[in-house]
Every structure is written in C-alpha cells, then in structure tokens.
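Architecture at a glance
Listed below are the residues making up each chain.
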Amino acid sequence: MRRLLIAFFFLVSLPAAAQLRLDVDTIMRGQQLTGYAPRDVRWSRDGKSVYFAWKRHDEPIEENEYTTYVVGRDGKGLRKLGDEEAKDAPPPRGHFSKDRSRVLFIDDGDVQLWEKGKRRTLTRTIDNESQPRFTRDEQRVAFVRDNNLFVLSLSDGATVQLTNIAGPDEKGPHVSLFEDENKDRTASQKWVADEATKLSDVLTRRASERKEDEAERKKELAIAPLKLKRGEVVHDLRLTPDEKYVLAFIGGDPSAGKRTGVPSYVTESGYTTDLPARRKVGDTNPATRMVSISVADGKVTALKHGLKKPIEKTETAEKTEATETKTETKTGTKTEAEEERAIELDPVFFSDDGNAAVLPIRAADNKDRWLMAFDPAAGTTRVLHHEHDDAWVHYFDDDAVGFLPDTQTVWFLSEHTGWMHLYTVDSKGGKPRALTSGKYEVADVRVSEDAKHFVFTASKESLHEQHLYRTPVGGGAMTKLTTEPGWHDAELSPDGQVVAGIYSYTNKPHELYVNGVRVTTSPAPEFATYPWLDVPIVQVPARDGAKVPARIYKPASWNGGPAVIFVHGAGYLQNVHRGWSNYFREYMFHHLLMERGYLVLDLDFRASAGYGRDWRTAIYRHMGGVDLNDHVDAAKWLASEHRVDPKRIGIYGGSYGGFIALMAMFTTPDVFAAGAALRPVTDWAHYNHQYTSNILNTPQSDPEAYRKSSPIYFAEGLKGALLICHGVIDVNVHFQDSVRLAQRLIELRKENWELAMYPLEDHSFVEPTSWADEYKRILKLFEETLR
C-alpha cells in the first residue's frame with residue numbers, strides 16, 4: 001500500500017506537460033512526432049509469440065531503419081531483436097509449405113529457406129533469383145534465374161535447369177545451337193549466303209561440322225529452345241504440381257519503349273543525371289501471353305483462352321445484328337468476332353492436390369475479367385466466372401482468389417452486386433455462391449489454418465470502420481473478431497483464438513495490440529499533450545441527390561468566416577473513416593487552420609474507395625466532372641449551412657488532389673478564391689497506363705475524355721490565386737506536368753500564380769524541411785487571400 005501511495009504522490013505532484021504548440025515546422029516533423037506505425041505483423045508457428053517491424057519516433061527518417069521486435073501471446077514481454085537474431089525471425093512474407101512451418105523467400109537476390117526458427121541460404125550467386133516455390137512433395141524448390149526455371153534439391157543442393165529460354169538478342173550456347181539460320185533472312189539474304197558457301201570449301205566443311213555438333217548437343221539437352229520476341233521478358237515461371245510442364249508468363253519489357261526523362265539536378269557528382277521513369281498512357285504496352293513448356297522435351301503449347309474481340313456496334317450494326325465488319329490481317333480477312341482478345345494474365349492458382357488450376361484473366365481494355373479453369377497439358381481454358389463492367393472492372397489482387405483445402409472449391413472476390421463480396425464456385429463449373437452480401441466491402445481474405453473458416457476484413461459495421469471477421473467456408477453467419485470502433489488490420493493466431501494487429505482511431509495513431517493489450521507507443525511524448533479532435537463525419541448533399549461523406553473541422557468558437565476544402569490523393573482511396581489518416585500531416589495542419597479561424601472540410605468524393613462500384617466508376621471518361629461537382633456542392637453547403645463566407649473558400653490537395661484543385665481553379669473560378677495544387681496531374685495523356693486507361697481509355701481511342709479531364713486545356717479560366725508545388729525528381733507524376741502548365745499560364749499572360757520546386761523530392765516528400773517549406777507556402781496563400 002505504501003508503494004502505491006508514493007507512486008500516486010509522484011503522479012499528482014508532477015507538473016503538467018506544456019501543450020504542444022502547433023506551427024508548420026512542428027507538424028512537418030511528420031512521423032518523428034506522430035510515430036512510425038508497426039508493420040509486418042506475423043505469428044510464430046507455435047502461436048506463443050508475435051513478431052513485427054517497428055521504429056521509434058526519434059530514429060532516422062530513412063524507411064529501411066525498421067527493426068524487428070517480438071512480444072508474447074498475452075501482449076507482454078516486448079523485446080527488440082538484435083541483427084543476427086532478427087535474421088532468424090519468421091519472414092513477413094514468402095511461399096509457405098502446406099503446414100506453414102517453412103517459408104521460402106528472397107533476400108539480397110538469393111533464395112532463403114526459413115524452418116525450425118532458422119534461415120538457410122539455398123543459393124549464393126551473383127545472379128538474382130526470384131519466385132521461389134516448393135515442389136508438390138516439398139523436397140525441392142523451384143525458382144527463376146535469368147529467365148529460366150531451376151529446381152534445387154533440399155537434401156543435397158543439386159540444381160537442374162528445366163527450361164531453355166533466351167531473349168531475342170542472346171547468342172548463348174542453348175539458343176545458338178538450335179537457331180534456324182534462314183529463319184529471319186530475306187530471299188536475297190538467303191541467296192547471298194548460299195553463294196558464299198558454294199565459293200568456299202572451308203565454309204562448307206565448317207557448316208557441316210557445326211550442324212553435326214548441334215544435332216549431338218540437341219540430343220544431350222533434350223530441351224527445345226524458346227526464344228522470346230523482341231521487347232518481351234519473362235514475368236514468371238511456374239512448375240505444375242505434376243512437374244510435367246512449366247508455365248511461362250511473358251509480357252512486354254518494362255524497360256522498353258519511349259520514356260519521359262526525369263533529370264536530377266542536385267547530385268553527388270555535380271552532373272545532371274536522368275532517373276528511370278515510365279511510359280505514358282496509351283504508348284506501347286504489349287499484352288501478356290502464357291505458354292506451357294513440356295519439361296520432357298521443351299515443346300511449347302500456347303494458351304488457348306478462346307476469348308474473342310467484342311464487336312463494336314455502329315449504327316449500321318445495330319440495325320442489322322448479323323452484319324459483320326471485315327478487318328484486314330496479314331493472313332487474309334477475319335470478322336471482328338474472330339479476332340483474339342488482348343488480355344493480361346494474373347498468376348495461376350493450383351489446388352493442394354495439383355489436379356485443378358484456375359487462371360485469372362483480365363481484358364487489356366479493362367472491361368472484362370474471367371476466372372478460368374485451366375488445363376496445362378492442352379493449354380485450354382473453361383470459364384468459371386465472368387464479370388463485365390462498361391466502365392472498368394476491379395483488379396484481382398493476390399488476396400482475391402484461391403482454392404479451399406478441399407481441392408475443388410475456388411473462392412474469389414467480386415463486385416457482381418456493386419459491392420466487393422466473397423464468393424465460391426466449383427472448379428468443375430456451376431453457379432457461384434455468395435458468402436457475404438450487403439452494402440459494404442470485403443477485403444484481405446485468407447483461409448483459417450483449420451480450413452474451417454474464411455477470415456477477412458470488412459466494413460459491415462460501418463463504411464467508416466474496418467473490422468476482422470470470420471465465416472464458415474460453407475457459408476453462414478459472420479462473426480466479428482475485433483471490437484473497438486476504428487480501423488483494424490489484424491492477424492488471427494494459428495489456433496484461431498487470439499487477435500494481433502494494427503489498430504488506430506481518428507485521433508489515435510496506429511499501434512500494435514495483442515489479445516487486447518496495447519504493445520507499442522509510437523508518437524513522441526509531446527504528441528499526447530494536444531487535444532486532437534475526434535473529427536465528426538457528416539453527409540454533404542450533392543446536386544444529384546447523393547450524400548458525400550466528409551470530415552468537418554469546425555473551430556469551437558465558430559461564428560462564420562473562411563473555409564478550406566482538402567482533396568485527398570490517389571483518387572481511389574478512402575480518407576473519411578474512423579482510423580488514423582494516411583494524411584496525418586494534413587490532419588494536424590487542419591488543426592492549425594482551425595486555430596487560425598478556418599473551417600476545414602475533407603471529402604470522400606466520387607471515385608473514393610469504400611463505397612461500392614457505382615461510387616468507384618462515377619468518374620469514367622470524365623475526371624474532374626462529378627468528383628469536382630462534389631467539392632463545388634460542398635462549398636455551397638458550407639456557405640448555406642455553416643455560415644462560411646462564399647467569397648473566402650480555398651481548396652488544396654496533392655497528386656489527384658492537386659489535379660482537382662487545378663480543375664476547381666480553372667473551371668469553377670467563382671467558387672474558390674485560392675488553391676494549392678501539389679504534385680498535380682495537369683494532362684492525363686502524360687500519366688501512366690495502368691491507372692489512366694482504366695478510367696479514360698487511351699488518348700488515341702478516346703481523345704475527348706482526355707481533353708475534358710485535363711486541367712491544361714482550361715488554364716485560361718484562372719481567376720483566383722494559385723500555388724503549384726512539385727518535386728523535381730518525381731517519377732510518378734513527372735515535374736514536366738507542372739512545367740508544361742507553367743508555360744501555358746505564361747502564354748495566357750496569367751500573373752496570379754507561382755510554382756515552387758523541390759529539387760531533391762520525389763512524389764512523396766521525405767525531408768521535413770521540404771514539407772515545412774511547402775505548407776508554409778500553402779498557409780501564406782490562404783492567409784493572404786482568405787483572411
């Protein structure tokens with residue numbers, strides 16, 4: 001009792017810590033103030049411990065400085081592992097054995113095996129290995145090296161090469177031995193070669209000897225070659241469970257094609273260097289293909305997916321459905337219905353017994369996706385599930401399809417009803433069965449270790465919360481496994497009894513909890529001294545009757561005045577929720593704005609994640625349309641319902657948010673008096689293919705969609721004050737976007753704008769000094785124009 005009294009005396013006697021003073025420099029310390037979120041949470045095989053990666057708020061800002069920690073099943077005994085001990089910790093990801101007691105993974109380009117609490121290096125080469133997987137008997141390991149598949153014995157380390165694949169320019173022994181000399185020669189070139197041989201007895205003798213050597217070598221290797229076409233690379237090689245075939249996934253070379261130069265001006269050498277960057281949307285993006293290679297003799301069988309190009313209906317075609325438009329090809333004429341569909345392939349999934357395979361396929365034009373039953377021997381497919389969307393279909397993620405341990409049932413996620421839900425279908429065919437339903441989203445699906453349940457996250461409780469659930473694999477009631485309101489990213493223990501995971505709330509940063517016990521305290525001590533707001537969520541009425549979710553930051557003594565609307569980035573991202581925001585710097589900045597008398601609104605506008613298919617695809621063929629309308633309607637709602645001065649409303653955001661800020665300033669100039677566009681897309685024809693072609697198709701096929709969606713075409717509408725900020729070495733949204741817009745504004749003789757550049761920053765800023773400079777400029781903009 002005496003100890004308790006002494007402890008109590010010290011607690012009540014300590015002076016209260018001074019409240020954190022909000023200024024831009026303090027806020028832009030970022031994670032050195034709010035802390036670094038724990039990550040890579042995984043259980044030990046015996047379920048007695050939880051491993052995770054974490055770093056303290058006062059450690060260096062470099063991303064690779066995370067350290068491995070371990071804590072007990074009861075949430076006690078937190079311990080930091082030393083470097084050598086951390087190497088033997090269970091890896092956070094990799095290819096697991098069936099009983100999950102062993103894991104294959106890559107470290108520093110070599111194949112590693114983790115088992116019995118230790119790691120073992122299986123390859124030690126100067127080449128980079130990838131895609132390690134256990135063979136079906138789990139006594140060997142298949143992996144990819146230099147575009148070929150190898151199998152290594154775990155007992156003696158013996159390694160066998162199973163494929164003979166080489167690029168179009170390679171002249172190594174495997175390829176050159178079997179190349180057809182006349183294959184790519186013209187008739188003239190063949191005639192010259194024949195005459196050259198006839199005129200030299202030495203050449204004739206050597207050619208004969210070489211052919212004899214090739215014939216002998218071909219018998220020894222017994223692997224026919226597969227030579228890639230120009231511009232192709234091997235994305236993955238997969239050995240079938242029966243080890244009779246290797247499935248080769250081949251696509252365009254990611255380094256090929258014309259790319260935007262991203263020059264870096266501030267370098268250690270003192271010379272300007274160019275950074276690797278991407279192609280632009282609609283540029284050469286070869287569709288992927290798959291072939292099945294016989295292990296016995298190298299015979300190649302191409303995938304026969306049987307998918308045909310859809311007929312584009314014209315006015316004539318609509319009148320006479322039987323009319324077929326003819327298209328010329330090199331081999332003659334084919335109807336459009338006979339043309340093969342351009343596709344993209346996802347990894348193939350095999351049942352545990354190896355007798356069934358499922359291949360997810362997506363149309364290259366983004367309108368369809370299929371789950372296909374696949375026969376590796378014949379290369380043929382059969383449709384298990386087809387999904388079409390006139391806008392664009394959702395991608396299959398790695399955690400969106402798989403087999404149940406019964407080896408016959410396939411599970412997958414689908415937006416079939418307009419919301420992402422869990423389904424199963426028999427691999428032999430039949431109607432898919434929905435295991436979840438309702439106006440909420442399901443994600444991160446996995447099968448429990450006892451194979452009796454699906455475990456997944458869902459927003460069933462509220463679209464603004466994420467919880468962990470499980471449901472029987474055969475269907476049934478959903479059981480909620482997490483309780484606290486907020487955002488849970490959790491892992492169930494091997495015995496299914498204890499939850500370990502990352503939890504956060506609106507005003508509480510991410511922390512690790514195990515069995516309900518808080519394990520980490522990530523923020524700096526002074527963070528807890530400020531009364532961070534549990535930001536209310538409101539529903540903003542849009543002109544089309546929709547209710548747009550938003551977080552509203554209203555000063556306690558609000559009696560009318562200026563307002564700022566924040567636009568989140570990424571487009572398809574959710575920011576209005578009960579978890580700690582990815583935009584935590586902006587969350588704190590909004591508190592600073594409140595202290596200065598601003599009301600702040602943060603919308604999950606149309607195209608944001610978390611609200612179903614119709615919300616996701618509302619911007620199809622017009623970005624800066626209904627998504628911008630949501631912000632304009634919000635501004636009017638603030639004026640009518642919250643006494644905001646309609647002449648003093650600003651808008652800001654980064655990336656997609658920067659794009660919307662530009663569209664707002666250019667196309668609705670009487671609504672927003674000032675705007676800050678950070679790392680903005682100014683012309684969608686200059687962004688990447690994967691994201692942009694989903695929404696706007698391609699510039700050559702749908703130029704109108706690009707013109708009406710790109711701010712650079714509307715720059716003449718600028719009236720208010722505009723700030724543009726951009727990192728010079730941004731390899732995502734290139735600095736060129738802002739430079740091109742700057743030239744456009746100059747030619748339009750606009751004077752009320754400025755461009756701030758950050759020579760050592762990429763798309764996501766790293767240095768606190770850069771963050772601080774950027775947000776001081778934003779604050780200055782609003783103070784000078786809205787106050």
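Each chain has its residues counted from 1, running along the sequence as written. Local features are withheld for residues below a pLDDT of 70 in this predicted model, meaning they are given only at 70 or higher, and side-chain atom pairs are given and counted only at 80 or more; totals for whole chains, interfaces and linings count all residues. By convention in this description, side-chain values take in all heavy atoms of the structure and omit both hydrogens and water.

Section: the overall build of the chain
Strands here mean DSSP runs of E at least two residues long; helices mean DSSP runs of H or I at least four residues long; both are numbered from the N terminus. Within the chain one finds 16 helices and 47 strands. Evaluated residue by residue, the chain yields a buried proportion of 51% over its 787 residues. By the convention used here, residues are in contact when the closest approach between their heavy atoms is within 4.5 Å. Considering only intrachain contacts with a sequence separation of at least 6, the fraction spanning at least 24 residues in the chain is 58%. Accessible surface, the chain as shown: approximately 37600 Å² in total, 50% of it carbon and sulfur. Here's how the labels work: a residue is buried when its accessible area is under 20% of the maximum for its type, exposed when over 50%, partly exposed in between, all with a 1.4 Å probe on protein chains only. What sets the accessible areas is the Shrake-Rupley method with a 1.4 Å probe; for residues, cover comes only from the shown protein chains.

Describing the sheet that holds strand S19 (residues 289–294)
Strand order in the open sheet made by the four strands is S15-S16-S19-S20, with antiparallel pairing throughout. Every interior strand has two partners, whereas the edge strands, strand S15 (232–239) and strand S20 (300–302), have only one. In this sheet, neighbouring strand axes are inclined to one another by 30° on average, regardless of whether the strands run parallel or antiparallel. Pairing between two strands requires that DSSP report at least two bridges joining them. The sheet contact formed by strand S16 (residues 245–252) and S19 spans six bridges and is antiparallel. The partner of Ala 248 across the bridge, within S19, is Val 291. Structural elements are reduced to axes, namely lines fitted to C-alpha atoms, with helices fitted over the stretch in contact, and the angle between N-to-C directions of any two is expressed from 0 to 180 degrees.

A short note on the pattern of salt bridges
What counts as a salt bridge is simple: a side-chain nitrogen of Lys or Arg found within 4 Å of a carboxyl oxygen of Asp or Glu. Going through the model one piece at a time under the given rule, you end up with 44 salt bridges. Notably, a salt bridge pairs Arg 79 with Glu 85, separated by 3.1 Å at the nearest N-O pair. One salt bridge in this structure joins Asp 702 and Arg 621, with 2.6 Å as the shortest N-O distance. Remark: Arg 621 occurs in the loop between helix H10 (613–616) and helix H11 (626–641) and Asp 702 occurs in the loop between helix H13 (689–696) and helix H14 (703–709); sequence separation between them is 81 residues. A relative accessible area of 8% places Asp 702 in the buried class. The partly exposed category is assigned to Arg 621, whose relative accessible area is 29%. Here the salt bridges share partners, and the residues they tie into one network are Asp 389, Glu 415, Arg 613, Asp 614 and Arg 616.

Considerations on the packing of H11 against helix H12 (residues 656–667)
In the contact formed by H11 and H12, the axes pass within 10 Å of each other and the chain directions differ by 70°. As summarised for this structure, H11 and H12 are arranged roughly perpendicular, according to the angle between their axes. The interaxial crossing formed by H11 with H12 has right-handed handedness. Two secondary-structure elements touch here, H11 through Asp 627, Leu 628 and His 631 and H12 through Tyr 656, Phe 659, Ile 660, Met 663, Ala 664 and Thr 667. Residue composition of the contact of H11 with H12, grouped by class: six nonpolar, two polar and one charged. The cut-offs work like this: below 35 degrees is roughly parallel, past 145 is roughly antiparallel, 65 to 115 is roughly perpendicular, and the gaps in between are oblique. Helix crossings are classified by the rotation of the near helix relative to the far one: an anticlockwise turn of less than a right angle makes the crossing left-handed, while a clockwise turn makes it right-handed. In the scheme used here, Gly and all other residues not listed as nonpolar or charged are polar, with Ala, Val, Leu, Ile, Met, Phe, Trp, Tyr, Cys and Pro taken as nonpolar and Asp, Glu, Lys and Arg as charged.

Some words on the sheet that holds strand S12 (residues 159–161)
Overall, antiparallel pairing links the four strands, which are arranged S9-S10-S11-S12 in an open sheet. The open sheet is flanked by strand S9 (129–134) and S12, the only strands paired with a single partner. The average undirected angle you get between the axes of adjacent strands in this sheet is 25°. Of the pairings in the sheet, the one linking strand S10 (residues 140–145) to strand S11 (residues 148–153) comprises six bridges and is antiparallel in character. Across the sheet, residue Val 144 finds its bridge partner in S11, namely Leu 149.

Details of the packing of aromatic side chains
Where two aromatic rings form a pair, the distance of their centres and the angle of their planes describe that pair. Ring geometry is summarised as follows: Phe, Tyr and Trp rings, the Trp one being its six-membered ring, pair when their centres sit within 6.5 Å, and such pairs are stacked at plane angles under 30 degrees, edge-to-face over 60 and tilted between the two. Counted under the stated rule, the structure contains 33 aromatic pairs. A centroid spacing of 5.9 Å and a plane angle of 85° characterise the contact between Phe 527 and Trp 580, whose relative ring orientation is edge-to-face. Of the two residues, Phe 527 is situated in the loop between strand S39 (517–518) and strand S40 (537–541) and Trp 580 in the loop between strand S42 (561–567) and helix H9 (584–595); the sequence distance between them amounts to 53 residues. When its relative accessible area of 5% is taken as the criterion, Phe 527 is described as buried. For the pair Phe 589 and Tyr 652, a centre-to-centre distance of 6.0 Å together with 80° between the ring planes defines the contact as edge-to-face. One end of the pair, Phe 589, is in helix H9; the other, Tyr 652, is in strand S44 (residues 644–654), and 63 residues separate them in sequence. Phe 589 sits in the buried class, given a relative accessible area of 0%. Linked through ring pairs, Phe 566, Tyr 583, Phe 589, Tyr 652, Tyr 758, Phe 765, Trp 771, Tyr 775 and Phe 782 together constitute an aromatic cluster. In this analysis the charged atom, NZ for Lys or CZ for Arg, is taken to sit over a ring once it is within 6 Å of the ring centre and within 35 degrees of the ring normal. Across from the ring centre of Phe 96, 4.0 Å away, lies the NZ or CZ of Arg 100, which sits over that ring. Here Arg 585 stacks its cationic end above the ring of Trp 771, 4.1 Å away from the centre of that ring.

A few points about the packing of H9 against helix H16 (residues 768–786)
If you want to describe how two helices pack, look at the angle between their axes and the distance between the axes. The geometry of H9 relative to H16 is characterised by a closest axis approach of 12 Å and an angle of 35° between their N-to-C directions. Like other packed secondary-structure pairs, H9 and H16 cross with a definite hand, here right-handed. Contacts between H9 and H16 pair Arg 585, Glu 586, Phe 589, Leu 592 and Leu 593 from the former with Trp 771, Tyr 775, Ile 778 and Leu 779 from the latter. Its residues assigned to classes, the contact of H9 with H16 shows seven nonpolar, no polar and two charged.

A closer look at H11
Each α-helix turn comprises 3.6 residues. Residues three or four places apart therefore point the same way. A helix is expected to span 1.5 Å multiplied by its residue count minus one. An ideal rise of 1.5 Å per residue puts 22 Å on 16 residues; H11 measures up with 21 Å between its terminal C-alpha atoms. Looking only at H11, the buried set comprises Val 626, Asp 627, Leu 628, Asp 630, His 631, Val 632, Asp 633, Ala 634, Ala 635, Trp 637 and Leu 638. Against the buried residues of H11 lie S40, strand S41 (547–553), S42, strand S43 (599–603), S44 and H12. Positive backbone phi, approximately 60°, marks Arg 643, located one or two places after H11.

Description of unusual backbone geometry
One non-glycine residue, Asn 515, lies in the positive phi region at around 55°. Backbone geometry places Arg 749, a non-glycine residue, at a positive phi of 60°. Structurally, Arg 749 can be placed in the loop between helix H15 (735–747) and strand S47 (753–758).

Digging into the pairing of strand S1 (residues 39–43)
In the sheet, S1 pairs with strand S2 (residues 49–54) via three bridges, with the strands oriented antiparallel. Bridge pairing in S2 places Trp 43 opposite Val 50. Connecting S1 to the next strand, S2, in antiparallel fashion are five residues, including Gly 47 with a positive phi near 75°.

Focus: a nonpolar patch on the surface
Patch definition: residues with relative accessible area over 30% and no salt bridge; like charges joined within 9 Å; nonpolar side chains (Val, Leu, Ile, Met, Phe, Trp, Tyr) joined within 5 Å. Taken together, the side chains of Tyr 265, Val 266 and Leu 760 present a nonpolar region at the surface, about 320 Å² in accessible area. Its location among the elements puts Leu 760 in the loop between S47 and H16. Classification of Leu 760 as exposed rests on a relative accessible area of 53%.

Brief notes about the confidence of the model for the chain
A residue's pLDDT is the predictor's confidence in that residue, given on a scale from 0 to 100. Taken residue by residue, the chain gives an average pLDDT of 90. The fraction at 70 or more is 89%. This model gives residues 171–179 a pLDDT under 50, and the stretch forms 24 contacts once residues within four places in sequence are excluded.

Observations regarding the nonpolar core
The biggest cluster of nonpolar side chains holds 63 residues, and the ones touching the most others in it are Leu 601 and Phe 672. A total of nine residues in this core trace back to one element, the largest contributor, which is H12. Apart from the residues within four sequence positions on either side, Leu 601 is in contact with Val 538, Val 540, Ala 550, Arg 551, Ile 552, Val 564, Ile 565, Phe 566, Ala 634, Trp 637 and Leu 638. Nonpolar cores were defined as sets of buried Ala, Val, Leu, Ile, Met, Phe, Trp, Tyr and Cys residues, with membership established by side-chain atoms within 4.5 Å. Core analysis: the second largest hydrophobic core is formed by 44 residues, Met 28, Val 564, Leu 573 and Ala 676 among them.

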